[in-house]
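A closer look at the structure
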Amino acid sequence: MPSEWEGIDSARRSLIKLTAAGGLAGLAGCTGGGGGDGGQSPTESGDGGTDSDGSDGIGFPQPDSGEEDQYEKVRQIEYTGITREYSPQQFQLQNLATNMWKEGLGLNITLNPKQYSVNAEQFINHEYDILQIKIEARPERLDPWGILTYFDPDKSDPGEYNTTEYQSEELNDALEKVETLNDREERKEWVYKAQELMAQAQPLMFVYHANKLSAADGRAFGNYQPRIGGMPFWNVFSLSQMEQKTDESTFILGHTRDIQTLNTLNLRGTSSVRALLLNYDPLVRIDLDGTPRPAAAADWDIVDTTTVDVTLRDGMTFHDGEPVTPEDVKFTFDYIMDWDVTYLRSYYNPIDNVELRGDNVIRFNLKNPNAPFVQITLNQIWILPKHIWENVVEEKGFEHPKEWAKEEVDLTGSGPYRMTEYESENRAIYEKFDDYYMDFPVDRLIWKVYGSQTTAIGDLEEGRIHNVRGLQASQYERTKQNNNLVSFAVPSHGLTPIYIQNSREPFGDINVRHAMAHCLDKQEIINVALQGYGDIATSPIAPANEFWHNPDVPKYEGGAETGRQILYDAGYRWNSNQQLLKPV
Amino acid sequence: MNKSRYIVVRAGLMVVSLFAVATLLFLLFRILPGNPTSILIDPGITKAAREQLLASYGLDKPLHIQYFLYIKNLAIGNLGVSFTRNQPVTKILIESTLNTLVLILSAVLLAFLSGPIIGAVFAWNRGSSIDRYGVISILTLFAIPVFWSGMLGIMLFSFRLGWLPSGGMTAPGAVYDSKLDMYLSVDFLRHLMLPFLITTLYYLSVPTLIMRNTMIDVMGSDFIEMLRAQGLDEIRIMFRHAARNSMLPVMHQAAISIGFAFGGSVIIETVFSWPGVGRVLWIAVNNQDYPLAQGGFLMIAAIIIILNFLVDVISVYIDPRAAIKGEGF
């Protein structure tokens, strides 16, 4: 071969050698375990397992020689995950978490993504080791009880919501105060205490609070004021402040989900609540920052811990012209309670009875003190017209008013936008109700259902619709670049945790839970799964919920090494394959 | 005599198939993990409430009783009430199927009318460049997944060129006095154009290729030689004789394709945000809405089975040899 070929040939060979060496080194780093630097190797067992060499860290100490039979492998753990289609972000989260725990702590975890309905069923029945599910940012969850209720140790039976089955008298007491204390500052102390207790105990992993990403058309409308949580503009406060820049007076939202129900007595799904809250009027509405504001109620008065008086606003009418009276309010609550509407039960449960006191005053007598009553109950139950609903069951021959089918139910309400058209899986059209007590620039709202988010975004860019919510990070990056659009990353009070079944081994041991918390690199997860658009979660209540969030709770930032140290100190060891062993 | 017996036997098989499908659907949904209440996660929904809900759906009864009620209702044409919408399933299916039919049926019809013609031309010019490049194009069309061609179509015609809307049946704010008014409006036709085009292209390949291949077979047969020898011109031989005899497999395929088109419509309907029965069924399955899902799939199965039956009947009249072949089973 001529000399230049030799040169090239040998250069090629050395390149191959280099890449091979690099590859092998990389591989060695991987098998060497995570936590510290890649080149780490397990320490020998001779000196009792602790590593005195600071730069290598703790490693994976094995049992002392002769004591191997005092340990056995921790069992195989199943992580019930969610499918990629249902939530790409949680899909990535569960992959990252599984790897972090396997490599960092030697836990034997198998990740099984499952269809949401299966996942949800396992959740409800407490039948899981580790489970992935998200707590959505519904407006009622801005009140601390809205989210802390899911961790109430009193509700730990299968079928109830404290699915981790974590028990604690202290937490029980703190949560009771949260539910019943009306004084905001007093209540705040207990909300803080509850967060501290939960952070100390780590009954589940608090991972992140994802931002809500959305984009809106900047050409036709301006002065967008988003509300905390999902669907940022679909509320009276954002809509009333919006400015018209052209003569366009129809605001179109592109959504990938349809409105599930239109019959208040058969309510289900967050989208239905959001949709109907414009057609109907509740007594109280939640402002952009989460504060309750007078809506159909002109004012309210906490007479004592179990009595709330509400003064109805004057001069309101329903869409058909009939006046809104205190009788309608009493009728609504009595009707819903009599017919036992499942979805609303937790809201009206605290009510013992509703009285009319004259002078437009409606008195709510509660069974027990209930702090979230105004913020949650009076917001989630809207006023139904007595003259439409009171005879519906006899006239139509139903057994229950919920039988009034979705597309036939009479939607007469007193809200600012009356739903005039509805086609399933297609769209809902609202027309502005001029007699409402607030002004809105937009005359018409349309909720348009899209089969694909990408098409909706394309239409937004073309100016055919005006708002798309629930964007993924990559889509958000794209809309940000478009000068015709206004993009929003709104911090959310929703929580994405990882549920741990405390009543199953090894999760009953608090040391294991602490170790898992340390091992979880939450910022890394936010960077990968959310591309940075989220906040680290240290307790159920998000930083975005400023008043109630407790910033001074234990955080678990030690990394896998600290996790292993905790496990070591608690008597755990590892075998030669770096799998976790527990003392027998 | 052969013909009527053949038809009666076929009709009997049809009923048996329908019954088998109905049973299979019933079992499938009840074997699937989860139930309609499992996705309702809300503090208000206690264990007792869930059980109450299940009872209201009739899901607390023993399996054989549920089955008996199900078959009894089917026999009188009652498909039950949707869990999620509280409306009779039949009503929901009729409305959404109409939307799907307008799109799918017209596309399949056009594909099966023009496909055989193109296929015949290919077969007749077999080996030439028309045939070679034509077949390659058709095979490419066949290989392209419909959601990809759909999205490409949207990207090109809706977003780049701005000629057509990106989806839906009508403009978001357009309101019509009746469904018929909507179907006849220019707005609707504009919205129909793109999904119709993409769907037609998608279904074009099968009839084209079947026609081509069958005709090539037919062209090799003796009677064609005979007709040529008699002095008939090529066009007449191609269309009047060769093509007609090749129609039978295409017709059978049409029946099958219409059925599959209903099943595959969910993809097209998702890409184009078309509110049809495919999407309704997809959502019903995800929400564990058993009556709606069962009713919908049963309807699709019934359409396929009935269409096949009709094609069998028609084919016996077109080609009496089918009855003879059919007898020996």
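Structure shown above.
Read on for a plain summary of the structure. What you are looking at is a predicted structure, and each value in this text was computed from that prediction instead of being measured.

Okay, empty space enclosed by the protein next. Residue and element names in this part refer to chain A. As enumerated under the stated definition, the model contains six cavities of 30 Å³ or more in all. What the largest cavity holds in volume is close to 120 Å³. Taken together, Pro139, Arg227, Trp234, Asn235, Val236, Arg274, Leu277, Leu278, Arg285, Ile286 and Asn379 make up the full set of residues lining the largest cavity. Within the residue set of the lining of the largest cavity, elements represented by two or more residues are α8 (270–279) and β10 (284–286). Class assignment for the residues of the lining of the largest cavity results in six nonpolar, two polar and three charged. Within this model, the second largest cavity holds a volume of roughly 50 Å³. Along the walls of the second largest cavity sit Ala137, Arg138, Pro139, Leu142, Arg227, Ile228, Gly229, Gly230, Arg274, Ile286 and His493, which together make up its complete lining. Class assignment for the residues of the lining of the second largest cavity results in five nonpolar, three polar and three charged.

Next up on the list: the sheet that holds strand β12 (residues 297–304) of chain A. Residues and elements named next belong to chain A. Here we have four strands laid out as an open sheet, ordered β12-β13-β15-β14, and antiparallel in their pairing. On the outer flanks of this sheet lie β12 and β14 (351–358), each paired with one strand and no other. Strand-to-strand twist across the sheet, computed as the mean angle between neighbouring axes with direction ignored, equals 20°. The strands touched by helix α9 (residues 326–339) within the sheet are β13 (307–312), β14 and β15 (361–366), with β14 carrying the most contacts at an inclination of about 165°.

Further remarks concern the interface of chain A and chain B. Often, the extent of an interface is quoted as the loss of accessible area on bringing the components together. Listed per partner, the contact involves 51 residues of chain A and 48 residues of chain B. Interface of chain A and chain B: buried area, both sides summed, is about 4100 Å²; carbon and sulfur atoms make up 49% of it. Per-residue buried area on chain A facing chain B is highest for Tyr161(A), Arg268(A) and Glu425(A); these three make up 15% of the total on that side. For the pair chain A and chain B, the number of links is two salt bridges. With a shortest N-O distance of 3.3 Å, Lys91(B) and Glu408(A) are connected by a salt bridge. Counting every contact that joins chain A to chain B gives twelve residue pairs in polar contact (both at pLDDT 80 or more). Where the side of chain A that touches chain B is concerned, the elements lending two or more residues are α3 (116–124), α10 (345–348), β17 (427–432), β18 (444–449) and α14 (453–461) of chain A. The element contributing the most residues to the side of chain A that touches chain B is α3(A), with seven residues.

Residues and elements named next belong to chain B. Counted as a void, the second largest pocket has a volume near 1200 Å³. Ser56, Tyr57, Gly58, Val81 and Phe83 are the residues nearest the centre of the second largest pocket, which is lined by 40 residues in total. Taken together, the elements giving at least two residues each to the lining of the second largest pocket come down to α1 (2–31), α2 (47–56), α3 (63–75) and α12 (290–318). If you tally residues by element for the lining of the second largest pocket, the top one is α3, at five residues. Of the residues in the lining of the second largest pocket, the class split is 19 nonpolar, 14 polar and seven charged.

Thresholds, definitions, all that
Sequence order as written defines residue numbering, which begins from 1 separately in each chain. The naming scheme follows written order: chains are lettered A onward, ligands numbered 1 onward. In keeping with the model being predicted, local features are shown solely for residues with a pLDDT of at least 70 and side-chain atom pairs are shown and tallied solely at 80 or more, while totals for entire chains, interfaces and linings include all residues. As a rule here, side-chain values cover all heavy atoms of the structure and leave hydrogens and water aside. In this analysis the probe radius is 1.4 Å and the grid spacing 1 Å, with only protein atoms considered; a cavity is a set of points the probe fits into but cannot get out of, a pocket is an open set with protein on both sides within 12 Å along at least five of seven lines, and lining residues have an atom within 4 Å of a point. Grid points are joined across faces, edges and corners, and a volume is the space filled by probe spheres set on the points. Strands here are runs of E lasting at least two residues and helices are runs of H or I lasting at least four, both read from the DSSP assignment and numbered beginning at the N terminus. Residue polarity is assigned by list, with Asp, Glu, Lys and Arg as charged and Ala, Val, Leu, Ile, Met, Phe, Trp, Tyr, Cys and Pro as nonpolar; anything else, Gly included, falls into the polar class. Pairing between strands is defined by DSSP: at least two bridges between the two strands are required. Note on geometry: axes are lines fitted to C-alpha atoms, helical ones only across the stretch in contact, with angles between N-to-C directions running from 0 to 180 degrees. Only heavy atoms matter for contacts: two residues are in contact if any of them lie within 4.5 Å across the pair. Simply put, the buried area is the total loss of 1.4 Å probe accessible area from both parts when two parts are fitted together. Any carboxyl oxygen of Asp or Glu that lies within 4 Å of a side-chain nitrogen of Lys or Arg is treated as forming a salt bridge with it. Side-chain atoms alone can form a polar contact between residues adjacent in sequence; in general such a contact is a pair of N or O atoms within 3.5 Å, and within protein one must be able to donate a hydrogen while the other accepts it.

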